[in-house]
Amino acid sequence: MKPLSIDQFAAQLRPETQRSVYESTKSTHEKRTKVLFDHFPDPNRLRELAGQIKQHVIENLDTYLPAVEAKLQAHGAKVHWAATAESANQTVLSILRARGATKLVKAKTMVSEEIGLGPFLEKHGIESLETDLGEFIVQIDHDHPSHIVRPIIHKSRREIAVSFEKNGLGAYNDEPAVITRRAREFLRQKYLQADVGLTGANFVVAETGRLVLVTNEGNSRFSLAAPKCHIALVGIEKILPRDRDLALFLNLLARSATAQQLTVYTEFISGPKAPTQPDGPEEMHVIFVDAGRTEVLASECREILRCIRCGACMNVCPVYRQASGHAYRAVYPGPVGAVLSPLLAGNRFPELADLPKASTLCGACSEVCPVNIPIPDLLLRLRNKNKLAHGPSSGTPPMGAWSVLASQPTAWKTSLAFGKAVGLVPYVPRAFKPSVLRAWDDHRTLPEWRGGEFRRWLAARKR
Amino acid sequence: MSNPERQRPTGKRVQLMATCLCDAFYADVARATVEVLEHLGCTVEFPDGQTCCGQPAFNAGDWAASRRVVRHVVRTFAGDAPVIVPSSSCAAMLSHGAPEEFAHEPDLPEILALGQRTWELADFIVNGLGVTTWPGRYETKAAFHRSCHARGTGTADAVRTLLRSLAGAELVEFDEAEQCCGFGGTFSVTFPHISSNMGHLKLEKIRAARPDLLIGVDTSCLMHLGGIANRDGAPIKTQHIAQVLRDALKNGGLL
């Protein structure tokens with residue numbers, strides 16, 4: 001069955017779901033703006049600077065990646081390179097097999113969603129448990145995250161309470177405090193039983209080989225403290241050059257993502273447990289994941305690799321607010337996803353070619369992006385890429401004929417005079433399929449046709 | 001949507017780009033633009049061969065088709081006089097969009113030069129001509145919709161400067177003013193549900209501030225919002241900034 005278009009998905013979304021996605025993204029966006037402008041005289045200057053640093057990083061990955069590998073190895077970590085999603089999954093599995101591990105606890109990492117690690121491990125008989133509350137709920141519901149920072153933004157507490165009851169986590173109770181306590185009690189045992197803790201990394205510092213993780217629930221700390229082995233899955237673009245850059249990026253990330261000055265937990269990890277340290281994992285693996293990123297780097301949209309996964313663009317995006325994350329049919333939704341998801345899809349790009357069109361190009365996303373990604377420009381470049389590769393797709397008006405008309409003044413003026421009948425003005429959908437005309441007319445009236453009237457007024461004045 | 005540093009115009013000769021929407025629907029907006037510019041002492045030329053700025057094809061991803069139109073714009077608006085557009089959207093197309101789609105084309109310098117001398121009307125009045133007060137009178141309690149293409153440009157501040165100085169005019173603030181109206185060109189017909197919801201939301205926020213008029217700098221946003229309000233049987237009065245400025249002059253006996 002053909003999947004629903006983003007507009008169709010939005011249309012069938014339950015009104016209460018749409019409303020709550022809208023309200024919570026609006027609220028986070030407004031707090032984010034307030035906290036940034038309250039705390040810094042010119043946050044836009046910080047966004048520009050952070051964008052320049054990340055742009056520098058992605059253009060110099062060839063030197064930064066070997067540098068970070070050397071640092072990590074010097075600290076005793078094992079470094080792996082995964083060119084594809086499959087190879088990343090296999091690498092995780094082989095580490096687990098080598099240790100005879102069967103139980104894994106997992107902190108929130110979008111790259112693991114991207115490569116489909118959970119289902120892969122389950123297929124191979126490994127118990128892989130999400131420890132971030134939102135991701136845990138997604139997992140017990142066999143659902144998918146709909147927001148990169150707030151995976152269950154589409155769920156109500158009533159739905160969550162029902163899921164908990166169904167999964168044997170206590171009788172129905174939709175109090176957030178109770179839900180959280182029950183999850184915590186359940187997960188605490190799991191941390192102690194786990195053989196391996198798996199995390200992502202928000203940043204990896206090249207000069208020190210430091211992995212930096214930010215969370216609000218402390219689940220990543222537990223995932224690191226209890227199991228004897230730590231695996232970090234890291235996208236190759238996560239590098240920062242220097243420790244001092246963290247000052248800028250941590251300040252921007254927490255404020256942009258959740259309107260916090262700093263997340264509750266910020267962890268700096270340089271390697272496995274040192275002999276002098278009392279606890280911590282005795283074995284540490286860092287898997288750098290490409291999975292299409294070098295293709296993105298080679299594309300005209302490489303700026304998207306600056307992304308630090310804060311979700312501010314989806315919080316402000318009017319389309320995301322109407323459609324919610326699942327409408328995008330991809331791991332990364334919203335404005336960043338509309339660029340990144342089709343690019344990461346590789347030869348499946350055509351399946352997601354509608355994503356870059358899901359935007360009015362309003363620019364709100366680039367105005368809030370902490371690394372100043374020109375998202376609307378990238379969306380346009382992808383639309384052009386799609387046009388060049390696949391020709392006109394359905395729903396796109398015939399611009400070739402229009403462009404010929406719009407570069408021939410006589411034809412243009414004639415169409416103005418007969419516009420009512422011929423209808424060749426681009427924003428008037430009369431030249432398009434009747435369904436397109438209906439699309440306008442169902443929701444809006446058209447203003448009265450006054451084709452050529454201004455030109456006649458001008459000519460009359462001259463005489 | 002950048003607003004490159006521009007030189008103030010040296011003469012008073014300007015070229016008017018009326019926009020395709022004014023050519024087809026909003027004749028009075030183009031007319032008001034002429035009257036406002038003439039009041040300011042400008043000599044307004046209207047290159048007769050003009051059609052459209054090329055944005056529909058640019059946004060649709062058909063950059064080859066769009067470049068054909070933009071090249072026609074460059075030929076039509078030859079010379080070095082400022083090009084004045086009563087639309088932040090068409091202005092942004094020429095100053096930002098066109099350079100983007102011409103990035104690898106040999107005639108990029110001509111495109112950049114055109115973008116450098118293209119101005120949205122209110123931006124031109126305030127930041128080009130240095131006019132910061134508007135004479136005449138206009139009795140209204142108005143909401144101003146800052147178009148998305150005016151993000152990061154001088155347009156929105158220019159409009160507010162002019163309206164605040166205008167006798168009789170009061171500006172009301174409304175919630176989420178930075179949000180898009182939902183028009184988005186072909187988006188309005190390819191994503192009709194989301195587009196209409198966005199429009200309804202915008203109208204809801206505007207109406208909560210109880211204005212008697214909605215002022216815009218783009219006829220496209222006004223066409224969409226006004227069209228939704230009409231379809232809902234709850235019309236809202238809309239005016240383009242050029243019409244407000246022109247009518248203020250008329251009301252003050254200055255035109």
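Residues numbered from 1 in each chain as written. Chains lettered and ligands numbered in written order. Predicted model: local features only at pLDDT ≥ 70, side-chain atom pairs only at ≥ 80, totals over all residues. Heavy atoms only, no water.

Caption draft 1: Main features of the domain arrangement of chain A. Assigned domains of chain A: these are domain 1 (40-291) and domain 2 (403-462). Computed over C-alpha atoms only, the centres of domain 1 of chain A and domain 2 of chain A are separated by 54 Å. (Domains from an automatic or database assignment.)

Caption draft 2: Highlighting the interface of chain B and chain A. With 72 residues of chain B in contact, the opposing surface of chain A contributes 72 residues. When chain B packs against chain A, close to 6300 Å² is buried across both sides, 62% of that on carbon and sulfur atoms. Looking only at chain B, the three residues that lose the most surface to chain A are Asp23(B), Phe25(B) and Arg231(B), adding up to 11% of its buried area. Taken together, the connections running from chain B to chain A amount to eleven salt bridges. Taking the shortest distance from any N to any O, the salt bridge between Lys26(A) and Asp175(B) comes out at 3.1 Å. In this structure, the connection of chain B to chain A is made through 36 residue pairs in polar contact (both at pLDDT 80 or more). Counting only elements with at least two residues in the side of chain B that touches chain A, the list comes to helix 1 (20-24), helix 2 (27-39), helix 3 (55-60), helix 4 (63-76), helix 5 (88-101), helix 9 (187-190), helix 10 (192-208) and helix 11 (219-231) of chain B. It is helix 10 of chain B that provides the largest number of residues to the side of chain B that touches chain A, a total of ten residues. Looking at the side of chain B that touches chain A residue by residue, the class counts come to 32 nonpolar, 24 polar and 16 charged. (Contact = heavy atoms within 4.5 Å. Buried area = accessible area lost by both parts, 1.4 Å probe. Salt bridge = Lys/Arg side-chain N within 4 Å of Asp/Glu carboxyl O. Polar contact = N/O pair within 3.5 Å; in protein donor to acceptor, adjacent residues only side chain to side chain. Helix = DSSP H or I, 4+ residues; strand = E, 2+ residues; numbered from the N terminus. Nonpolar A, V, L, I, M, F, W, Y, C, P; charged D, E, K, R; others polar.)

Caption draft 3: Summary view of the packing of helix 4 of chain B against helix 5 of chain B. Residues and elements named next belong to chain B. Taken N-terminus to C-terminus, the directions of helix 4 and helix 5 make an angle of 130 degrees; their axes are 10 Å apart at the nearest point. Considering their axes alone, helix 4 and helix 5 lie oblique with respect to each other. For helix 4 against helix 5, the interelement crossing comes out left-handed. Contacts between helix 4 and helix 5 pair Trp-63, Ser-66, Arg-67, Val-70 and Val-73 from the former with Met-93, Leu-94, Ala-98, Glu-100 and Glu-101 from the latter. Of the residues belonging to the contact of helix 4 with helix 5, the class tally is six nonpolar, one polar and three charged. (Axes fitted to C-alpha atoms, helices over the stretch in contact; angles between N-to-C directions. Parallel < 35°, antiparallel > 145°, perpendicular 65-115°, else oblique. Left-handed = near helix turned anticlockwise from the far one by under 90°.)

Caption draft 4: Focus on the sheet that holds strand 1 (residues 78-82) of chain A. All names here are of chain A. Reading across from one edge, 1-10-7-4-2-3 is the order of the six strands in this open sheet, with parallel pairing throughout. The open sheet has two edge strands, strand 1 and strand 3 (127-130), and neither has a second partner. Geometrically, the sheet is characterised by an average inter-axis angle of 20 degrees between neighbouring strands, direction not taken into account. Summarising the sheet, strand 7 (residues 229-235) and strand 10 (residues 283-289) pair through seven bridges and their orientation is parallel. (Pairing = 2+ DSSP bridges.)

Caption draft 5: Region of the structure containing the pairing of strand 6 (residues 210-215) of chain A. Residues and elements named next belong to chain A. Counting buried positions over the six residues of strand 6 gives five, a clear majority of the element. Here strand 5 (residues 203-205) runs beside strand 6; their pairing, made up of three bridges, is antiparallel. Bridge pairing links Val-205 to Arg-210 in strand 6. Linkage of strand 5 to strand 6, two consecutive antiparallel strands, is achieved through a turn of four residues, within which Gly-209 is found at a positive phi near 70 degrees. (Buried < 20%, exposed > 50% of the residue type's maximum accessible area, 1.4 Å probe, protein only.)

Caption draft 6: Seen up close, the pattern of salt bridges. The final tally for this structure, using the stated rule, is 50 salt bridges over all chains. For Lys34(A), the salt bridge goes to Asp38(A), with nearest N and O atoms at 2.5 Å. Here Lys34(A) pairs with Asp38(A), and both are found in helix 2 (residues 15-39), just four residues apart, close to one helical turn. Two residues, Glu176(B) and Arg321(A), come together in a salt bridge whose shortest N-O distance is 2.6 Å. Of the two residues, Glu176(B) sits in the loop between strand 6 (167-172) and helix 9 while Arg321(A) sits in helix 15 (residues 318-323), which places them in two different chains. By the burial criterion, Glu176(B) is buried, and Arg321(A) matches it. Ionic contacts of the salt-bridge type, sharing partners, join the residues Lys26(A), Glu30(A), Arg321(A), Asp175(B), Glu176(B) and Lys205(B) into one network.

Caption draft 7: Inspection of the packing of aromatic side chains at higher detail. With the rule as written, the count across this model stands at 14 aromatic pairs over all chains. Geometrically, the ring pair formed by Tyr320(A) and Tyr328(A) is stacked, given 6.3 Å between the ring centres and 25 degrees between the ring planes. As far as the burial class goes, Tyr320(A) and Tyr328(A) line up, both buried. On the basis of an interplanar angle of 10 degrees and a centroid distance of 4.8 Å, the ring pair of Phe187(B) and Phe191(B) is categorised as stacked. Take Phe187(B): its relative accessible area is 2%, and that puts it in the buried class. Above the face of the Phe349(A) ring, Lys385(A) is positioned so that its terminal group lies 4.8 Å from the ring centre. One cation-aromatic arrangement involves Arg444(A) over Trp440(A); the distance from NZ or CZ to the ring centre is 4.4 Å. (Phe/Tyr/Trp six-rings, centres within 6.5 Å; stacked < 30°, edge-to-face > 60°. Lys NZ or Arg CZ within 6 Å of the ring centre and 35° of its normal.)

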